[in-house]
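A structural walkthrough
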Amino acid sequence: MHAIVLNGGSSSGKSSIARRLQELLPEPWLHLGADTMVDALPPSLRAGGEGIGGLEDGDGTVEVGPVFAALDAAWTVGVAAMARAGARVVVDEVFLGGAASQARWRAALDGLDVLWVGVRCDPAVAARREAARGDRVAGMAAAQASAVHEGVAYDLVVDTSRASADDCARLVAGRVASGG
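The rules behind the values
- Residues numbered from 1 in each chain as written.
- Predicted model: local features only at pLDDT ≥ 70, side-chain atom pairs only at ≥ 80, totals over all residues.
- Heavy atoms only, no water.
- Buried < 20%, exposed > 50% of the residue type's maximum accessible area, 1.4 Å probe, protein only.
- Helix = DSSP H or I, 4+ residues; strand = E, 2+ residues; numbered from the N terminus.
- Pairing = 2+ DSSP bridges.
- Disulfide = S-S within 2.5 Å.
- Core = buried A, V, L, I, M, F, W, Y, C linked by side-chain atoms within 4.5 Å.
- Contact = heavy atoms within 4.5 Å.

1. A closer look at the pairing of strand 5 (residues 88-93)
With 5 of 6 residues buried, strand 5 lies mostly within the body of the structure. As defined by bridge partners, strand 2 (residues 29-33) adjoins strand 5 across 5 bridges and the pair is classed as parallel. In the sheet register, Gly 33 faces strand 5, and the bridge partner there is Asp 92.

2. Topic: the state of the cysteines
Inspection of the entire model under this criterion finds 0 disulfides. Distance from the sulfur of Cys 168, which forms no disulfide, to the nearest cysteine sulfur (Cys 121) is 9.4 Å. Judged by relative accessible area, which is 1%, Cys 168 ranks as buried.

3. Some points on the nonpolar core
Counting residues in hydrophobic clusters, the biggest one holds 18 residues, and the most contacted among them are Ile 4, Leu 6, Ile 17, Leu 21, Val 117 and Val 172. Among the elements that line this core, the one with the most residues is helix 7 (residues 165-177), at 5 residues. When sequence neighbours within four positions are dropped, the list of residues in contact with Val 172 reads Ile 4, Leu 21, Leu 115, Val 117 and Leu 156. The next biggest cluster of nonpolar side chains, apart from the first, holds 17 residues, and it includes Ala 83, Leu 109, Leu 112 and Val 152.

Pasting the structure below:
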């Protein structure tokens, strides 16, 4: 297995699952994702316009500009290159474009052994987590909870509103151990 792609909305539990996978899996796995990419951006691209908007204010809707889209496409290819070079990667992603986002990742990861995992979470539960975190715009979790899964195909789906991140990570690790 070269990559595990966790897709889910904001505050769904993807990062918690990814961190737990790093502890459970016998080989070292890098945890990279949407937050890693956004954190690497210059501040000017985190305020909307050409970059990405809605992360720091607004109604929870995230808007992607053309410069962010180009950098995100390069990021995707770069993460795939690391996997091709031998690094095992857990990708913690938010498919804002649904099926189109998955298609972009599928193209980049073509030829690699990938486990596609949907991380679902009841919108009300995700909204409570979002409020407790205090580092997300209110409404983002609820807006993304279902939208990021539209048209996306998975090998495994977990639900963090029904099971702990630890239990979900154990399910994913079991699939990795069995070859996907």
